[in-house]
Number of protein chains: 6
Amino acid sequence: RVAQRTPGFTGADLKNLMNEAAILAARENKKEISLTDCFQAIEKVMLGPERKSFVLSMHEKKITAYHEAGHALVAHALPNTDPIQKISIISRGEAAGYTLKIPEKDRHFRSKEEFLEELAVLLAGYAAEKIIFGENKITTGASSDLREATRIARKLVTEYGMSKSLGPMTFGQKEELIFLGKEIGEQRDYSEEVAAKIDQEVLTFTTNAYQKALQTLESQKENLEKLSAELTEKETIEKEAFEALFGKKKALQE
Amino acid sequence: RVAQRTPGFTGADLKNLMNEAAILAARENKKEISLTDCFQAIEKVMLGPERKSFVLSMHEKKITAYHEAGHALVAHALPNTDPIQKISIISRGEAAGYTLKIPEKDRHFRSKEEFLEELAVLLAGYAAEKIIFGENKITTGASSDLREATRIARKLVTEYGMSKSLGPMTFGQKEELIFLGKEIGEQRDYSEEVAAKIDQEVLTFTTNAYQKALQTLESQKENLEKLSAELTEKETIEKEAFEALFGKKKALQE
Amino acid sequence: RVAQRTPGFTGADLKNLMNEAAILAARENKKEISLTDCFQAIEKVMLGPERKSFVLSMHEKKITAYHEAGHALVAHALPNTDPIQKISIISRGEAAGYTLKIPEKDRHFRSKEEFLEELAVLLAGYAAEKIIFGENKITTGASSDLREATRIARKLVTEYGMSKSLGPMTFGQKEELIFLGKEIGEQRDYSEEVAAKIDQEVLTFTTNAYQKALQTLESQKENLEKLSAELTEKETIEKEAFEALFGKKKALQE
Amino acid sequence: RVAQRTPGFTGADLKNLMNEAAILAARENKKEISLTDCFQAIEKVMLGPERKSFVLSMHEKKITAYHEAGHALVAHALPNTDPIQKISIISRGEAAGYTLKIPEKDRHFRSKEEFLEELAVLLAGYAAEKIIFGENKITTGASSDLREATRIARKLVTEYGMSKSLGPMTFGQKEELIFLGKEIGEQRDYSEEVAAKIDQEVLTFTTNAYQKALQTLESQKENLEKLSAELTEKETIEKEAFEALFGKKKALQE
Amino acid sequence: RVAQRTPGFTGADLKNLMNEAAILAARENKKEISLTDCFQAIEKVMLGPERKSFVLSMHEKKITAYHEAGHALVAHALPNTDPIQKISIISRGEAAGYTLKIPEKDRHFRSKEEFLEELAVLLAGYAAEKIIFGENKITTGASSDLREATRIARKLVTEYGMSKSLGPMTFGQKEELIFLGKEIGEQRDYSEEVAAKIDQEVLTFTTNAYQKALQTLESQKENLEKLSAELTEKETIEKEAFEALFGKKKALQE
Amino acid sequence: RVAQRTPGFTGADLKNLMNEAAILAARENKKEISLTDCFQAIEKVMLGPERKSFVLSMHEKKITAYHEAGHALVAHALPNTDPIQKISIISRGEAAGYTLKIPEKDRHFRSKEEFLEELAVLLAGYAAEKIIFGENKITTGASSDLREATRIARKLVTEYGMSKSLGPMTFGQKEELIFLGKEIGEQRDYSEEVAAKIDQEVLTFTTNAYQKALQTLESQKENLEKLSAELTEKETIEKEAFEALFGKKKALQE
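An account of the accompanying structure is given in this report. (Residues numbered from 1 in each chain as written. Chains lettered and ligands numbered in written order. Predicted model: local features only at pLDDT ≥ 70, side-chain atom pairs only at ≥ 80, totals over all residues. Heavy atoms only, no water.)

A short note on the overall build of chain A
Next, step 1: When its secondary structure is counted, chain A shows ten helices and five strands.
Next, step 2: In chain A, buried positions account for 52% of the 254 residues.
Next, step 3: Counting only contacts in chain A whose residues sit at least 6 apart along the sequence, the fraction spanning at least 24 positions is 66%.
Next, step 4: A total accessible area of about 11,900 Å² is found for chain A, and carbon and sulfur atoms account for 50% of it. (Helix = DSSP H or I, 4+ residues; strand = E, 2+ residues; numbered from the N terminus. Buried < 20%, exposed > 50% of the residue type's maximum accessible area, 1.4 Å probe, protein only. Contact = heavy atoms within 4.5 Å. Areas by Shrake-Rupley, 256 points an atom, 1.4 Å probe, with all protein chains shown as cover.)

Overview of the packing of helix H9 (residues 221-234) of chain B against helix H10 (residues 239-246) of chain B
Residue and element names in this part refer to chain B.
Next, step 1: Relative to each other, H9 and H10 sit at 150°, their axes nearing to 12 Å. When the axis of H9 is compared with that of H10, the two are roughly antiparallel. By crossing handedness, the relation of H9 to H10 is classed as right-handed. Only Phe 242, Leu 245 and Phe 246 of H10 make contact with H9, whose side of the interface consists of Asn 223, Lys 226, Leu 227 and Glu 230.
Next, step 2: Looking at the contact of H9 with H10, its residues break down into four nonpolar, one polar and two charged. (Axes fitted to C-alpha atoms, helices over the stretch in contact; angles between N-to-C directions. Parallel < 35°, antiparallel > 145°, perpendicular 65-115°, else oblique. Left-handed = near helix turned anticlockwise from the far one by under 90°. Nonpolar A, V, L, I, M, F, W, Y, C, P; charged D, E, K, R; others polar.)

So, the environment of E:Ala41
Residues and elements named next belong to chain E.
Next, step 1: Summarising the element assignment, Ala 41 is placed in helix H3 (residues 35-47).
Next, step 2: Along the sequence, Ala 41 and Asn 16 sit 25 residues apart, while their C-alpha atoms lie 9.2 Å from each other.
Next, step 3: Each residue touching Ala 41, except ones within four places of it in the same chain, is listed here: Leu 17, Glu 20, Ala 21 and Leu 24.

Examining the relation of the copies chain F and chain D
Next, step 1: If you rotate chain F by 60° and push it 0.1 Å along the axis, it lands on chain D with an RMSD of 0.1 Å. The superposition operator between the copies reduces to a six-fold rotation axis. Across chain F, the smallest distance between a C-alpha and the rotation axis is recorded for F:Glu192, namely 7.1 Å.
Next, step 2: Comparing interface residues between copies, only 3% of those in chain F also lie at the interface in chain D; the contact surfaces differ. (Least-squares fit on C-alpha atoms with pLDDT ≥ 70 in both.)

Here's the deal with the side chain of E:His67
All names here are of chain E.
Next, step 1: Inspection of the secondary structure assignment puts His 67 in helix H4 (residues 58-77).
Next, step 2: Residue classification places His 67 among the buried residues on the basis of a relative accessible area of 6%.
Next, step 3: Non-local contacts of His 67, meaning those with residues more than four positions away in its chain, are made with Gly 125, Tyr 126, Glu 129, Gly 141, Ala 142 and Asp 145.

Describing the packing of aromatic side chains
Next, step 1: Evaluated as defined, the whole model comprises 30 aromatic pairs over all chains.
Next, step 2: Relative to A:Phe246, the ring of A:Phe242 has its centre 5.1 Å away and its plane inclined at 45°; by these criteria the two rings are tilted. Placement of both A:Phe242 and A:Phe246 in helix H10 (residues 239-246) is noted, with a separation of four residues, approximately one turn of the helix. One exposure class covers both A:Phe242 and A:Phe246, and it is buried.
Next, step 3: Directly above the ring of D:Phe115 sits D:Arg110, whose terminal nitrogen or CZ lies 5.0 Å from the centroid. (Phe/Tyr/Trp six-rings, centres within 6.5 Å; stacked < 30°, edge-to-face > 60°. Lys NZ or Arg CZ within 6 Å of the ring centre and 35° of its normal.)

Brief notes about the relation of the copies chain A and chain B
Next, step 1: In screw terms, the move from chain A to chain B is a rotation of 60° and a rise of 0.3 Å along the axis, fitting with an RMSD of 0.1 Å.
Next, step 2: Here only 3% of the contact residues of chain A are again contact residues in chain B; the copies associate through non-equivalent surfaces.

A word on the sheet that holds strand E5 (residues 236-238) of chain F
By definition, the strands of a sheet pair up through backbone hydrogen bonds, in either a parallel or an antiparallel sense.
All names here are of chain F.
Next, step 1: Pairing in this open sheet of three strands is antiparallel, and the strands run E2-E1-E5 from one edge to the other. Each end of this open sheet is capped by a strand with a single partner; those strands are strand E2 (98-101) and E5. Geometrically, the sheet is characterised by an average inter-axis angle of 10° between neighbouring strands, direction not taken into account.
Next, step 2: Each of strand E1 (84-88) and E5 is contacted by helix H9 (residues 239-246), which is oriented at about 80° to E5, the strand it contacts most. (Pairing = 2+ DSSP bridges.)

Things to note about H10(B)
Residues and elements named next belong to chain B.
Next, step 1: Those residues of H10 lying buried are Lys 239, Phe 242, Glu 243 and Phe 246. Along the axis of H10, the buried positions cluster into a sector of 95°, meaning they face one direction only. For H10, the exposed residues set more than 90 degrees away from the buried face come down to Glu 240 and Ala 244.
Next, step 2: Packed against the buried residues of H10 are helix H4 (58-77), strand E1 (84-88), H9 and strand E5 (236-238). (Arc of directions from axis to C-beta.)

Here we look at the pairing of strand E1 (residues 84-88) of chain A
Two faces, one strand: in a regular strand the side chains alternate between the faces of the sheet.
All names here are of chain A.
Next, step 1: Counted residue by residue, E1 has five buried out of five residues, so it is predominantly covered.
Next, step 2: With four bridges joining them, E1 and strand E2 (residues 98-101) adopt antiparallel strand pairing. Across the sheet, the residue bridging to Lys 86 is Leu 100, located in E2.
Next, step 3: Note that E1 and strand E5 (residues 236-238) share three bridges and pair antiparallel.

So, the interface of chain A and chain B
Next, step 1: Chain A puts 38 residues into the contact, and the matching count from chain B is 33 residues.
Next, step 2: Interface area for chain A against chain B, summed over the two sides, is near 3,100 Å², with a carbon-plus-sulfur share of 56%.
Next, step 3: The tally of links from chain A across to chain B stands at two salt bridges.
Next, step 4: Across the pair B:Glu113 and A:Lys137 runs a salt bridge, and its minimum N-O distance is 2.9 Å.
Next, step 5: Applying the counting criterion to the chain A and chain B interface returns 14 residue pairs in polar contact (both at pLDDT 80 or more).
Next, step 6: Residue classes in the side of chain A that touches chain B are distributed as 16 nonpolar, twelve polar and ten charged. (Buried area = accessible area lost by both parts, 1.4 Å probe. Salt bridge = Lys/Arg side-chain N within 4 Å of Asp/Glu carboxyl O. Polar contact = N/O pair within 3.5 Å; in protein donor to acceptor, adjacent residues only side chain to side chain.)

Some points on the packing of helix H3 (residues 58-77) of chain D against helix H7 (residues 192-218) of chain D
Residue and element names in this part refer to chain D.
Next, step 1: Following both chains from N to C, one finds H3 and H7 inclined at 95°, their axes separated by 10 Å at the closest point. Compared by their axis directions, H3 and H7 come out roughly perpendicular. Each of Gly 70, Leu 73, Val 74 and Ala 77 in H3 lies in contact with H7, whose residues at this interface are Ala 213, Thr 216 and Leu 217.
Next, step 2: Across the contact of H3 with H7, the residue classes tally to five nonpolar, two polar and no charged.

Below you can see the structure in the form of structure tokens.
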């Protein structure tokens, strides 16, 4: 069951993980590492440590609950996304809350379809805030979701040839400063005309994904209310509790 | 009451604050740090030391009084801004005067609505000068307000997805010179066409905010005269005195 | 027969190759290096080591099989490409599978015709995925093919004078950071107008090549099914087995 | 009277000034520093040392006299500028001549109105050359005036929000190379479209100021002749002599 | 006769040359340096060492022969080019073959006319391939000719004022990194509009030169066949043999 | 008479000059420095040493003679240029020939009129080549004249406010790399639209100056022939000989 939650982990990652689990066990003076320790360690490694000092106000908790409920419900509704493992409004690292999805197996390719649904899931928190609080109350809380969605949509267009209107090509050259051992961005090797087309396509991908998220959530507003209420009360919802409320995710037939 | 005026302060900030308070107390040969020492220390830490040598002319005092009165009245009128703690035309750090607003609690998210009102408050000093002295007498005193308003309006559009016409995306990549440990600006990763749209949106946000500030102040020109006269005379107005004149700010229902 | 598979190898390359072969032989406690050792060494040197830990799912194997079958069938169909030596869906280096073509002799010039067919072969994996799984299921697996095709198409236009509409010229200056001993990209020495024309030509080359790949594969869909089924079962198909199925490649008359 | 000519001087500036005065006194074997020594020291500190070796031809003296007379007469005519202290065609530092205006008190804000008049004064030397010698005889002597006028007009538009058509915003980000401790210019963070609007506004400010200078000087051409003749003869005209000719500047009512 | 083949050589070049000749003589155990040693040394110094390991296929030899024959015939036909010294399809340095022209005297100026003919000679190899093998069989072999032709055509326009439509001006500033002792390209100091005009002129020069090369070779297709056949057989043709076939080049009247 | 030929020389320049003169005198075993030694030293310091090894062909001498005669005759014809001191077709430094004009006194300002004539003189060598040899025979010999003319015309527009259509402004900010102690060019601080206008004005200035040079020389073609014939024969013509042929330059009335 640890393996199931850690696809894509290398040997070094797993070693690091077990160290964290051992520390957690030792803190509680246990002589053996329990499964619970492992699960806690997994989250710590993946999301950063819990931040007890990061105390949200009641209103902020409510926003976060709707935001995470949005991510979770859209992910649950779309066929090609990974199943929900846990939803939480306890702050971890930089995030006020998080929705944990874990792929059921290692994956080496990603399809266009999967990316489009991932975009919808990423924008679902923003969409939930829009639906519940309205345009004018949208918060900065969605900022990193928007950044990630833009990054992915741009890659669809410039690296994966997934935009029909731009053709089977890639755009831009990676620029690396070898003496710093770091990629420092992309060198534009195309014209303004193509740059404008790329922007247009990226906008189309994100806008369509946002519409999908909006529609999905508008059609199940009751679920959104139910899940956010549950989250506000319990703060954390595990896979089993989630599936008890909304059913098991249908396995995808490939 | 110290805690109320220091939201967002870390432990180190608070320690720094108490040192300053202790120095102030010591200067006056007091054996205990009074609440007044603490309040003075808070302002020094937040705004820089008072500048006694920075002597404004009578006319400059008048300009500053109208300018700060503008900030204060617009902030008082708009529902989502923090309540006024103090208004002053005694120079501190770089500023000729200042209007101190302190949030009532720590905040982790900012909403679009709050930003739009913050823009109006930032441009209210400029608007007050315009109303009282006219277009041609506007001074360089508003320069840092304008810079801050532009910075915020740009973030609404490029980082927070708060512009309807540009879609749920972010624009630009942060560029960091790691060997200098400093972010050196933003790398443009979009076309001229999008750059022009961003500029247009930023302009719309600032212009709307400026109009709101102008309307707010024009509709209470008597208050503007009253508050600036009071400020010119007293130089500093504390929260209690301000509320005595203009009433208590209505608490916002979230 | 080693020489036949190693055109373009320098003395140092060959020495490196024999070392690898010797290591393979030594691992199996053989006192002599067999031809098989040499062949395995050639592939290791050219493509990187086999990656046993890189385990594809059943569905991913299927995608890879169609993808490689696409490369192989288009290469077999076009007159100016090198003959197929081996097709495999065993991961090597960064690639999930590979199709090995080895030129029959050292070549010092490449013709426009050869490049255009190479583009079609490069885009044939992407085309095969499109035909079998549809637009929405295209994967990231084609990303490096697209990058390579774009790089080549751009060189046709900017370095080899092979675009009729842009004339007998080259475009762009190589920029070298001598103190790093590395070329760091191309300095644009032309106008936006020319940049847009170059983009247009590159797009024309890649689009035409993609159409040729699509047509070739659509006209032999049965072969695509047959070869991918064979690959899924056997994982590796050598030249002889490939020719048994699809005939020997006709030698090109120069 | 020293204080009146040294507004904005810090303690260190004043100390430096007195050193210079002491040196001047010592050179003439005086035991006390006279007021004259102080005045000479002020000019040396503000404008650089006199350049006795920089010998102008008769014709160049004439050009310089008209040029400085232009600055002085426009400054005298406009209500918001500082009063003339001294006009000279003796070279100092880089300048062939100079017109010294000293503000009557320290100033912390500058108004749009003051800047517009400052622009007219800066361009008045250029305008005087144009009126007297004609378009084709304009010299390089106005180069630093033009540069300064452009710099100020650009700041009105990009830093002080003093352009109506561009809105209450700032444009451009200061770029600093911290390891050099030096600002290295401005990073453009706006589109070409906005850049063209900024240029248009800067041009409007400078052109209007130039027209104002031209009109002012054309309407008092006799004064221009009288003052330049006086300057050519005397080389230096002090405040008192200037006011004897053209009257005292009317104090501005704020 | 050595001097005739080495115009423009400095004393140091000549010393280097004689060293090479001495080495060649020594290799053959000769006690004296013969004229043949000198000639071989000249070619080695000018073109790099022969590359015996660079073995062209029969078809590649044929391509190279037509390519070099193209250069030679166009150079022979145009009045302002240097006379042919030697044509060879033995690889030297980076080139598969070469056509050696040696100016009859040192030259300090180059005329527009000479440059235009030089462009035609540079593009004649590419033109010959086009005529004989057709558009689709053009090879990468012409790449460095195209680069050199582009470089020269650009200099005509941007450095020598030889383009009528762009006027008696230069364009672009050399940028030098003094601490690297190397020029690192050209800084653009002109607008996009001018950049497009420069591109247009460069294209006109190269296209016209290419047309001249095409016409020259099409009108003497038999000579092209004859010379390439001779080259394929003999591999190297010296001046005397070339003149025996096509006559002596008419000396230019200046 | 030394002073007359060395306006603008500093004390250090003069000391350097006398050293050179002393060396020349010493080489000829003279005990005293003659006036001739001084004159030779002046030219060496201003133009670089004579280059005896730089041997021009007869035809190149002819080109150079017409080129220098063009400079000299246009300079003689235009009222605001300095009088001719010497014309020579003996190579010095980088130049094949030179025309030496020495201003009659130190000058601190330059007028627009003087610059326009200087442009015509600079382009007169190019114009002479065009008139005598025709468009197609123009040589690279004019390259540095064109570069200098472009540099000056650009300064008229961007630094001296001498272009009517661009207004009383400057354009571009000097960029300095202080740690290299070197200005590395100009930072563009204006829009593409303004850049195109600047280019247009620079083109107008150079084209008008070129037309003036062409007209001047076409109207005195006989003088051009006479002076170039004289130069070809004598190689150097001193002021007195020049004035004997074409008269003394009329002194300019200022």
